[in-house]
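As a plain string of letters, each chain reads:
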Amino acid sequence: MQFQTLLLLGALVPAIVAHPGHHEAISYSELTRRSKLSKRCEPQAAAMNAKRWARHKEKRSLAARSNTSVVITTEAPYYDVIQNDTCVLVPEVTTGPYIWPRSQTLRQDMSEDEAGVPLYFDIGVMNVNTCEPLQNVLVDLWHCNSTGSYSSFEALDPNTPFETLLEQLNKTIGPGLDLHTGDTTFLRGMWPTDSNGMMEMKSVFPGFYVERTIHVHVQVHTNWVVGSNGTVVSDNTISTGQIFFAEDLSEQIMALEPYASHTQINRTTNSIDTIYAAESVNGFNPIMSVVPLDGEDVTKGMVAYITLGVDA
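Just so it is clear, the model here is predicted, and its values are computed rather than measured. (Residues numbered from 1 in each chain as written. Predicted model: local features only at pLDDT ≥ 70, side-chain atom pairs only at ≥ 80, totals over all residues. Heavy atoms only, no water.)

Visitor: Would you mind showing me how to read empty space enclosed by the protein here?
Guide: Using a probe with the size of a water molecule, rolled over the atoms, empty space left in the structure can be pinpointed. Evaluation of the coordinates by the stated rule reveals one cavity of 30 Å³ or more. In this structure, the largest cavity encloses a volume near 120 Å³. Lining the largest cavity we find 15 residues, and of these Y98, G148, D157, P158 and Y209 sit closest to its centre. Of the residues that constitute the lining of the largest cavity, the class distribution is 10 nonpolar, three polar and two charged. (1 Å grid on protein atoms, 1.4 Å probe; cavity = no way out; pocket = protein on both sides within 12 Å on 5 of 7 lines; lining within 4 Å. Points joined across faces, edges and corners; volume = space filled by probe spheres on them. Nonpolar A, V, L, I, M, F, W, Y, C, P; charged D, E, K, R; others polar.)

Here's what the structure looks like:
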């Protein structure tokens, strides 16, 4: 199977009030350099995926996927098929306005009993300069719930355009913009990669909010230190990006409850989402591969996997 790459390019993202922020321009020559780096890592990525398949193909049920204790030993990731088209290059891309580090928590289950279809992220991280897996880097994930709200921001209406929301709150886009309304933590979590550069996180399939397609935010941190409350107190963020789902899958899941009850706005699709368009430029693929947890029906649960190729 052909190995594909993705560059999540902040420079190619037009000014979008839905996810404000300053981003340095990335030149065409740099884009080309990173593309060549990713192609050089094809054999190593294939070997990495084969190892995941060989070690964890027996994990096929929710009951089998118990989380580890507080000891930082990652839960074994899952593969149902070997695919080599999952390597992703991740330079700086907007974090969006709904990042709140005080609510990002070290754990392998960030679902917190939120309603929705069970979803396990199976993420590998590779250094595209060496083509080696990155061990003990912290993968940081956050996304909205089934009806479009983010934890720590749930008092904000997910159906109100962001520009209108700013006007209502008398806020302006700029450094230090703080819109958080509480300290809830649902659907936010972090976990380090294991010795094979892999990590897993339990969640639920995201919903959607105004002006954005269904997506998940991801950051990769090195040199991280966790405080007693489980949040990161210091780190070096080496990558920021967003990852997505195929449209046919999103359509299937959004027809189910509780997603189907979100009828106040029309759902933005990948084809018209500006950030998705920027991140899939030149044929790069930002969509996670998905397999049903039971091997048959994604509506009963799924595993979404991707390899993040980091220019570390």
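Visitor: Looking at this structure, I do not really get the sheet that holds strand β7 (residues 215-226). What am I missing?
Guide: The strands making up a sheet are joined through hydrogen bonds of the backbone, oriented either antiparallel or parallel. Within the open sheet, the four strands sit side by side as β5-β4-β7-β8. Their pairing is antiparallel. Both edges of this open sheet fall to β5 (188-192) and β8 (232-244), since each of them pairs with a single strand only. The average angle at which neighbouring strand axes cross in this sheet is 25°, direction not considered. Here strand β4 (residues 138-142) pairs with β5 via five bridges, running antiparallel. Each bridged residue has a counterpart across the sheet, and for L141 the counterpart in β5 is G189. (Pairing = 2+ DSSP bridges. Helix = DSSP H or I, 4+ residues; strand = E, 2+ residues; numbered from the N terminus. Axes fitted to C-alpha atoms, helices over the stretch in contact; angles between N-to-C directions.)

Visitor: I'm lost on the packing of aromatic side chains in this one. Help?
Guide: Aromatic rings considered in pairs are described by the distance between their centres and by the relative angle of their planes. Tallied over the entire structure, the rule returns eight aromatic pairs. Measuring from centroid to centroid gives 5.4 Å for Y150 and Y209, while their planes differ by 70°, and the two rings are edge-to-face. Here Y150 is found in the loop between β4 and α3 (162-169), whereas its partner Y209 is found in the loop between β6 (198-204) and β7, with 59 residues between them in sequence. Y209 carries the same exposure label as Y150, and that label is buried. Seen from their ring centres, F205 and F245 are 4.4 Å apart, and the 45° between their planes marks the pair as tilted. Residue F205 is found in the loop between β6 and β7, and its partner F245 is found in the loop between β8 and α4 (247-254); the two are separated by 40 residues along the sequence. F205 sits in the buried class, given a relative accessible area of 0%. Through pairs of rings, three or more aromatic residues link up here, namely Y98, Y150, F153, F162 and Y209. (Phe/Tyr/Trp six-rings, centres within 6.5 Å; stacked < 30°, edge-to-face > 60°. Buried < 20%, exposed > 50% of the residue type's maximum accessible area, 1.4 Å probe, protein only.)

Visitor: So what exactly am I meant to see when it comes to the nonpolar core here?
Guide: The tendency in soluble globular proteins is for nonpolar side chains to be buried as a group. If you look at the biggest cluster of nonpolar residues, it comprises 34 residues, and the most contacted ones within it are F121, I123, L141, F205, F245 and I253. Elements that contribute at least two residues to this core include exactly β2 (118-127), β4, β6, β7, α4 and β10 (302-310). The element contributing the most residues to this core is β10, with five residues. Counting 12 residues, the second-largest nonpolar core is a separate cluster that includes Y98, W142, L166 and L179. (Core = buried A, V, L, I, M, F, W, Y, C linked by side-chain atoms within 4.5 Å.)

Visitor: It is not clear to me how the pairing of β6 should be interpreted in this structure. Could you clarify?
Guide: Residues in a regular strand point their side chains to alternate faces of the sheet. Across the seven residues that make up β6, a large majority, six, are buried. Both β2 and β6 contribute to a ladder of seven bridges, which runs antiparallel. Bridging across to β6, F121 finds its partner in M201.

Visitor: Looking at this model, I keep getting lost on α3. Mind explaining?
Guide: For an α-helix, the turn length of 3.6 residues means that residues three or four places apart are oriented alike. Taken as a whole, α3 has its buried residues at F162, L165 and L166. Down the axis of α3, the buried side of the element spans an arc of 100°, and every buried residue falls inside it. α3 presents E167 and Q168 as exposed residues on the side facing more than 90 degrees away from its buried surface. Two residues or fewer after α3 comes N170, characterised by a positive phi angle close to 55°. (Arc of directions from axis to C-beta.)

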